[in-house]
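Here is how the chains run, residue by residue.
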Amino acid sequence: MSRLPPVLQRLRFPVIGSPLFIISTPKLVIAQCCAGVVGSMPALNARPAEQLDEWLAEITEALAAWDKAHPDSPAAPFAINQIVHKSNDRLEHDMQMCAKYKMPIVITSLGAREDVNQAVHGWGGVVLHDVISNVFAHKAIDKGADGLIPVAAGAGGHASMKSPFAMVQEIRQWFDGPIALSGAIASGGAILAAQACGADFAYIGSPFIATDEARAVDGYKQMIVDSNSDDIVYSNFYTGVHGNYLKGSIRNVGMDPDNLPQSDPSKMNFSTGEGSNSAKAWKDIWGCGQGIAAITEVVPTADLVARLQREYQQARAALSL
């Protein structure tokens, strides 16, 4: 049995919605939390930086109102994703906003920072760090992270090439804290499989892009509905870090998804200043995971979570026969 901090013990359903760059906003986060799963968003989605204060206030107030109206089914907590890479020139400001609202969960990406972890612990929060290998998992825990998000093969956006079974197995040999597994999880059966291999939670992103509340253009949502794993390409060309993208979106900008050049990792840049092309690249090239064949229509977030819950219970019942 994993050691879970109190904030992660109260979930009605073992799912954490992953932070979706550009796409996650208060509308989606609130819908996720009210449906019973952890909602999250990248701090960098709030532009300009001052908007983050407004968004955190909006989410906090909406979830408090939900809890008051639904005492028997309180909202799940929400999380903010912080890119701790050295090029993120907003980190200090955004961490101050997280401190102001005493964020219960902070998800850190692209580098483990001891000072960031200590700051979150200072206000009583929990840090989950996403990793693409057992080596990076060790580094994250050594620097004070509370839990891990193994980003396995098939995950949308930045992802590892490692099997989810291998990643969780290796991490569980030495770590008994919270694990949220990421990688092509788009059905209730896959959520149960994540738990069966040793994870506490499923970390789900791509299915939430195809929801009414997601800030994605209609073409993006429909391409997810119309695509499957054969329509995903794994490349480091756009950010300097390998990730999974929809081939159709690459063709739409006049490029050949099967013949993309390699990029230097030093290209990675999360600066928000003038001249940064990071946001433009992510807007035009659509990240997506390999599990999307399970997504057949664009639906409200509540309906997606309800489907996952039904499938999860059906999978458990089938295994008990």
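Conventions and cut-offs
In this numbering scheme, every chain counts its residues from 1 along its sequence in written order. Local features in this predicted model are restricted to residues whose pLDDT is 70 or higher, and side-chain atom pairs enter the listing and the counts only when it is 80 or higher, whereas totals over whole chains, interfaces and linings include all residues. Computation of side-chain values: all heavy atoms of the structure, hydrogens and water removed. A run of H or I in DSSP counts as a helix once it spans at least four residues, and a run of E counts as a strand once it spans at least two, with each numbered from the N terminus. Only C-alpha atoms enter the radius of gyration; for comparison, a globular chain is expected to reach 2.2 Å times N to the power 0.38, where N is the number of residues. Buried residues are those whose accessible area, probed at 1.4 Å on protein chains only, stays under 20% of the maximum for their type, while exposed residues exceed 50% and partly exposed ones sit between those limits. Whether two residues are in contact is decided by their heavy atoms, any of which lying within 4.5 Å being enough. Surface exposure here means Shrake-Rupley accessible area, sampled with a 1.4 Å probe, where a residue is shielded only by the protein chains that are shown. Within this scheme, the nonpolar core is defined by two criteria: the residues are buried Ala, Val, Leu, Ile, Met, Phe, Trp, Tyr or Cys, and they are joined through side-chain atoms within 4.5 Å. The salt bridge definition used is simple: a Lys or Arg side-chain nitrogen within 4 Å of an Asp or Glu carboxyl oxygen. Ring pairs are drawn from Phe, Tyr and Trp, using the six-membered ring of Trp, whenever the two centres fall within 6.5 Å, and their geometry is named by plane angle: stacked under 30 degrees, edge-to-face over 60, tilted for the rest. Paired strands, in this sense, are two strands between which DSSP finds at least two bridges. Throughout, an axis means a line fitted to C-alpha atoms (over the contacting stretch in the case of helices), and angles, computed between N-to-C directions, take values from 0 to 180 degrees. In this context, the arc is that of the directions from the helix axis out to the C-beta atoms.

Trainee: Would you explain the overall build of the protein in this entry?
Mentor: Secondary structure summary: the protein contains twelve helices and eleven strands in total. Relative to the globule expectation of 20 Å for 321 residues, the C-alpha radius of gyration of the protein, 18 Å, shows essentially globular dimensions. Viewed in the frame of its principal axes, the protein has a C-alpha envelope of about 50 × 50 × 40 Å. A buried classification covers 54% of the 321 residues belonging to the protein. A separation threshold of at least 6 residues defines the contact pool for the protein, and within that pool the share at least 24 residues apart is 65%. Counting only carbon and sulfur atoms, one obtains 52% of the accessible surface of the protein, whose full area is about 14000 Å².

Trainee: Could you clarify how one ought to interpret the nonpolar core in this entry?
Mentor: In a soluble, globular protein the nonpolar side chains are often hidden away together inside. If you look at the biggest cluster of nonpolar residues, it comprises 74 residues, and the most contacted ones within it are Ile191, Ile224 and Leu246. The contacts of Ile224, once residues within four sequence positions are left out, are Ser206, Ile209, Ala210, Leu246, Cys288, Ile292 and Ile295.

Trainee: Would you mind going over the pattern of salt bridges with me for this structure?
Mentor: Between side chains of opposite charge, a pair can form as their charged atoms come close. For the coordinates displayed, the defined rule picks out seven salt bridges. Its salt-bridge partner being Arg3, residue Asp176 comes within 2.8 Å of it at the nearest N-O pair. Remark: Arg3 occurs in the segment before β1 (15-17) and Asp176 occurs in the loop between α6 (164-172) and β8 (180-182); sequence separation between them is 173 residues. Here Asp258 and Lys247 are joined by a salt bridge, their closest N and O atoms 3.3 Å apart. Here Asp258 is found in the loop between α10 (247-252) and α11 (278-284), whereas its partner Lys247 is found in helix α10, with eleven residues between them in sequence.

Trainee: Explain the packing of aromatic side chains to me, please; I cannot follow it from the model alone.
Mentor: For any pair of aromatic rings, the description rests on two quantities: the centre-to-centre distance and the angle between the ring planes. By the definition in use, this model includes five aromatic pairs. A centroid spacing of 4.8 Å and a plane angle of 10° characterise the contact between Tyr220 and Trp286, whose relative ring orientation is stacked. Taken as a pair, Tyr220 in helix α9 (residues 218-226) and Trp286 in the loop between α11 and α12 (301-319) lie far apart in primary sequence, 66 residues in all. The same class applies to Tyr220 and to Trp286, which are both buried.

Trainee: In this structure, what is going on with the sheet that holds β8? I would like to understand it.
Mentor: Either a parallel or an antiparallel arrangement is found when strands of a sheet pair, and the pairing is made through backbone hydrogen bonds. Taken in spatial order, the three strands make up an open sheet running β1-β9-β8, and their pairing is parallel. Each of the sheet's edge strands pairs with one partner strand only, and the pair in question is β1 and β8. The mean angle between the axes of side-by-side strands here comes to 30°, regardless of whether they run parallel or antiparallel. Alignment of β8 against strand β9 (residues 201-204), held across three bridges, turns out to be parallel. Bridge pairing in β9 places Ser182 opposite Tyr203.

Trainee: Help me out: how do you make sense of unusual backbone geometry in this one?
Mentor: Glycine aside, residues mostly have negative phi, and peptide bonds are mostly found in the trans state. Note that the residue after Arg47, namely Pro48, is joined by a cis bond; omega there is 5°. In this fold, Pro48 is placed in the loop between β2 (39-42) and α2 (51-69). With a phi close to 75°, Ile22 is a non-glycine residue in the positive phi region. Mapped onto the fold, Ile22 is located in the loop between β1 and α1 (26-34). Of note, the phi angle at Leu110 is positive, near 60°, even though the residue is not glycine. Following the sequence through the fold, Leu110 ends up in the loop between β4 (105-109) and α4 (114-122).

Trainee: Hey, could you run me through α4 in this one?
Mentor: Note that an α-helix has 3.6 residues per turn; residues three or four places apart therefore point the same way. Along α4, the residues classified as buried are Val116, Asn117 and Val120. Buried residues of α4 fall within an arc of 100° about the axis and therefore sit on the same side. Facing away from the buried side of α4 by more than 90 degrees, the exposed set consists of Gln118 and Gly122. Among the structural elements, α3 (91-100), β4, β5 (126-131) and α5 (134-142) are those in contact with the buried residues of α4.

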